[in-house]
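Residue-level structure breakdown
Listed below are the residues making up each chain.
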Amino acid sequence: MLLEVIGSALLGLALSWAAASRLSHRLPARPLVFSTGVAGALFGDFVTHSALGPGTVLVSLLGAAIVSAASLSLLLRPAGRHVRRRSIPA
């Protein structure tokens, strides 16, 4: 089980490194990206392992990758120019 946790943390770190290198202009600071990727992978591994039980290492790592990618996608900012729109007063 310890290797599963270490593997999911490394998977989250790899996903966050890939996102930070490819989408650096659309993401916040790198420490936030890396910590979100690792935390998402650990949480995904925990949820998958709790739902399916022991003996499903590859499926748990797949769940870790899915939750890590989903949590990293929440950090993305819109592409293009940043346009400020004013609200219409009531």
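Report on the accompanying structure.

Below, the discussion takes up helix α1 (residues 2-22). End to end, α1 covers 30 Å across 21 residues, agreeing with the expected 30 Å (1.5 Å per residue, within 8%). Of the surrounding secondary structure, the elements contacted by the buried residues of α1 are α2 (30-52) and α3 (57-73).

Right, let's talk about α3 for a bit. Relative to the 24 Å expected for 17 residues at 1.5 Å per residue, α3 spans 24 Å between its end C-alpha atoms, a close match to the ideal helical length. Looking only at α3, the buried set comprises S60, G63, A64, S68, S71 and L72. Axial view of α3: buried residues confined to an arc of 160°, hence all on one face. Turned more than 90 degrees off the buried face of α3, the exposed positions are L58, L62 and I66.

Relative to each other, α1 and α2 sit at 140°, their axes nearing to 8 Å. Comparing the axis directions of α1 and α2 gives the class oblique. Judged by the twist between their axes, the crossing of α1 over α2 is right-handed. In this structure, α1 uses E4, V5, S8, A9, G12, L13, S16, W17, A20 and S21 to contact α2, whose residues at the interface are R30, V33, F34, G37, V38, A41, L42, D45 and H49. Tallied by class, the residues present in the contact of α1 with α2 amount to ten nonpolar, six polar and three charged.

Two numbers describe how α1 lies on α3: the axes approach to 9 Å, and their chain directions differ by 35°. When the axes of α1 and α3 are compared, the crossing they make is right-handed. Along its contact with α1, which presents E4, G7, S8, L11, G12, L15, S16 and A19, the element α3 presents V57, S60, L61, A64, A65, S68, A69 and L72.

Relative to the assigned elements, S16 resides in helix α1. Among all residues touching S16, those that are not within four sequence positions of it are V33, F34, G37 and L72.

Together, L2, L3, I6, L10 and L13 line one region of the surface with nonpolar side chains, adding up to about 550 Å² of accessible area. Along the polypeptide, L10 turns up in helix α1. We classify L10 as exposed; its relative accessible area is 53%.

What follows is about the side chain of T36. Assignment of secondary structure puts T36 in helix α2. According to the relative accessible area criterion, T36 is buried, its value standing at 17%. Each residue touching T36, except ones within four places of it in the same chain, is listed here: S71, L72 and L75.

Definitions and limits used
Residues numbered from 1 in each chain as written. Predicted model: local features only at pLDDT ≥ 70, side-chain atom pairs only at ≥ 80, totals over all residues. Heavy atoms only, no water. Helix = DSSP H or I, 4+ residues; strand = E, 2+ residues; numbered from the N terminus. Expected span 1.5 Å × (residues − 1). Contact = heavy atoms within 4.5 Å. Buried < 20%, exposed > 50% of the residue type's maximum accessible area, 1.4 Å probe, protein only. Arc of directions from axis to C-beta. Axes fitted to C-alpha atoms, helices over the stretch in contact; angles between N-to-C directions. Parallel < 35°, antiparallel > 145°, perpendicular 65-115°, else oblique. Left-handed = near helix turned anticlockwise from the far one by under 90°. Nonpolar A, V, L, I, M, F, W, Y, C, P; charged D, E, K, R; others polar. Patch = residues over 30% accessible without salt bridge, like charges linked within 9 Å, V, L, I, M, F, W, Y side chains within 5 Å. Areas by Shrake-Rupley, 256 points an atom, 1.4 Å probe, with all protein chains shown as cover. Salt bridge = Lys/Arg side-chain N within 4 Å of Asp/Glu carboxyl O.

Any functional reading would require information beyond the geometric quantities listed.
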